[in-house]
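Spelled out, the chains give:
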Amino acid sequence: MNGWLILALLLLAIFALLVAMRVSKPLWGFVGAALMLGAAGYAWQGRPALPGEPRAAQRTIQAPDIAADDLRDAIWGRFTYDYAYAVAADGLARAGATQAAANAVLGGLQRAPESGRLWTRLGTAILAHDGGQVLSPAARTAFARGIAAAPDHPGPYFYYGMALIQTGNLAGAKRAWLAALARAPRSASYREDFAMRLVLLDRLMAIRPAAPAR
């Protein structure tokens, strides 16, 4: 729609609103002056003759990864206080709402500030919101808080390793995954998954030159 037409419709709508609200006539001059200044600014800075072209917001939506969900639940457990917030963050992240995912985790941390699971999930959320290419100081701090909160749990080390792989630090990822494997209970269903991932990581490191730490 042409910009001049939109502006004309807007002015008519404001005029109708003034009549409906029974604004006193002396105030009409002030309103008219403000509208004229706005129209002049639009004519000067804008492009009124440019036709409108509606655009839909672009949002990347990820398909659910059932295998990743099962591994997450096996590592961290289910039906705990922090489980609900972590799952909510996962759903928001898959819908492309990375900021909302981080906010969901922060909401859980307000009531469980020592949750290693939520601090680790916050690191993942920040990495995703930043574009997934560089591990920012904020993300590093979140992962460090997760490890500090649960130093004997494999979860923080495993997901920190995942983040390091995503940002290209394979050597750092291997150290993190070795720490995760060392902390995984012997009877854990995911222990074999950890070992297999380490084998695959070694193969990847053999064919890819080492990247500097980030």
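See the structure shown above.
Numbering of residues starts from 1 in each chain and follows the order in which that chain's sequence is written. Predicted model: local features are reported for residues with pLDDT of at least 70 only, side-chain atom pairs are reported and counted for 80 or more only, and whole-chain, interface and lining totals are derived from all residues. Side-chain figures throughout are based on the complete set of non-hydrogen atoms in the structure, without hydrogens or water.

S.K.: Explanation requested: the packing of aromatic side chains in the structure shown.
M.R.: For any two aromatic rings, the description comes down to two numbers: the centre-to-centre distance and the angle of the planes. Between rings of Phe, Tyr and Trp, where Trp is taken as its six-membered ring, a pair exists when centres lie within 6.5 Å; planes separated by under 30 degrees are stacked, by over 60 edge-to-face, and by other angles tilted. Evaluation of the coordinates by the stated rule reveals eight aromatic pairs. Measuring from centroid to centroid gives 4.8 Å for Phe 158 and Phe 194, while their planes differ by 15°, and the two rings are stacked. In this pair, Phe 158 is assigned in helix H8 (residues 154–166) and Phe 194 in helix H10 (residues 191–207), connecting sequence segments 36 residues apart. Given a relative accessible area of 2%, Phe 158 falls into the buried group. Sitting over a ring, as applied to charges here, requires NZ of Lys or CZ of Arg to be within 6 Å of the ring centre and within 35 degrees of the ring normal. A cation over an aromatic ring shows up here: Arg 183 above the ring of Tyr 157, its NZ or CZ 4.2 Å from the ring centre. A helix here means a DSSP run of H or I that spans at least four residues, while a strand means a run of E at least two residues long, and both kinds are numbered starting from the N terminus. Exposure classes here rest on a 1.4 Å probe applied to the protein chains alone. A residue is buried below 20% of its type maximum, exposed above 50%, and partly exposed in between.

S.K.: Sorry, what's going on with helix H7 (residues 137–149) here?
M.R.: In an α-helix, one turn spans 3.6 residues, which is why side chains three or four residues apart end up on the same side. The first and last C-alpha atoms of H7 sit 18 Å apart over 13 residues, in line with the 18 Å expected at 1.5 Å per residue. Buried residues of H7: Ala 139, Ala 142, Phe 143, Gly 146 and Ile 147, and no others. One side of H7 carries all its buried residues, which in axial view fall inside an arc of 135°. Of the exposed residues in H7, the ones pointing more than 90 degrees away from its buried face are Pro 137 and Ala 148. To estimate the expected span of a helix, subtract one from its residue number and multiply by 1.5 Å. This arc is built from the directions going out from the helix axis to the C-beta atoms.

S.K.: Where do I start with the pattern of salt bridges in this structure?
M.R.: Here the idea is simple: oppositely charged side chains can pair when their charged atoms come close. Salt bridge, as used here, is a side-chain nitrogen of Lys or Arg placed within 4 Å of a carboxyl oxygen of Asp or Glu. Counted according to the given criterion, the structure contains eight salt bridges. A salt bridge links Arg 72 to Asp 73; its shortest N-O distance comes to 3.0 Å. We classify Arg 72 as buried; its relative accessible area is 10%. Owing to a relative accessible area of 13%, Asp 73 belongs among the buried residues under this scheme.

S.K.: Would you mind showing me how to read the nonpolar core here?
M.R.: The nonpolar side chains of soluble globular proteins are, as a tendency, buried together. Joining through side-chain atoms within 4.5 Å is the link that ties buried Ala, Val, Leu, Ile, Met, Phe, Trp, Tyr and Cys residues into a set, and such a set is a nonpolar core. If you look at the biggest cluster of nonpolar residues, it comprises 39 residues, and the most contacted ones within it are Ile 75, Leu 122, Leu 135, Phe 158, Tyr 160, Tyr 190 and Phe 194. With seven residues, helix H9 (residues 170–183) is the single largest residue contributor to this core. Throughout, a residue-residue contact means that at least one pair of heavy atoms, one from each residue, lies within 4.5 Å. Not counting the four nearest positions on each side in its chain, Ile 75 is found in contact with His 153, Gly 155, Phe 158, Tyr 159, Tyr 190 and Phe 194.

S.K.: It is not clear to me how the environment of Ala 148 should be interpreted in this structure. Could you clarify?
M.R.: Assignment of secondary structure puts Ala 148 in helix H7. A residue is classified by how much of its surface remains accessible, and Ala 148, at 59% relative accessible area, is exposed. It is 9.8 Å that separates the C-alpha atoms of Ala 148 and Ser 115, two residues lying 33 residues apart in sequence.

S.K.: I'm lost on the packing of helix H4 (residues 81–94) against helix H6 (residues 116–129) in this one. Help?
M.R.: How two helices pack is summed up by the angle between their axes together with the distance between the axes. Running from amino to carboxyl end, H4 crosses H6 at an angle of 15°, the nearest separation of the two axes being 9 Å. It follows that H4 is roughly parallel to H6 by the angle criterion. Seen along the crossing, H4 lies across H6 with a hand that is left-handed. Contact residues: H4 offers Asp 82, Tyr 83, Tyr 85, Ala 86, Ala 89, Asp 90 and Ala 93, while H6 offers Arg 117, Leu 118 and Arg 121. Residue classes follow a fixed rule: Ala, Val, Leu, Ile, Met, Phe, Trp, Tyr, Cys and Pro count as nonpolar, while Asp, Glu, Lys and Arg count as charged, and any other residue, Gly among them, counts as polar. Of the residues in the contact of H4 with H6, the class split is six nonpolar, no polar and four charged. The axes are straight lines fitted to the C-alpha atoms, using for helices just the contacting stretch, and the angles between their N-to-C directions are given from 0 to 180°. For this classification, under 35 degrees means roughly parallel, over 145 means roughly antiparallel, 65 to 115 means roughly perpendicular, and everything else is oblique. Should the near helix be turned counterclockwise from the far one by less than a right angle, the crossing is left-handed, whereas a clockwise turn marks it as right-handed.

Taken by themselves, the reported measurements are silent on function.
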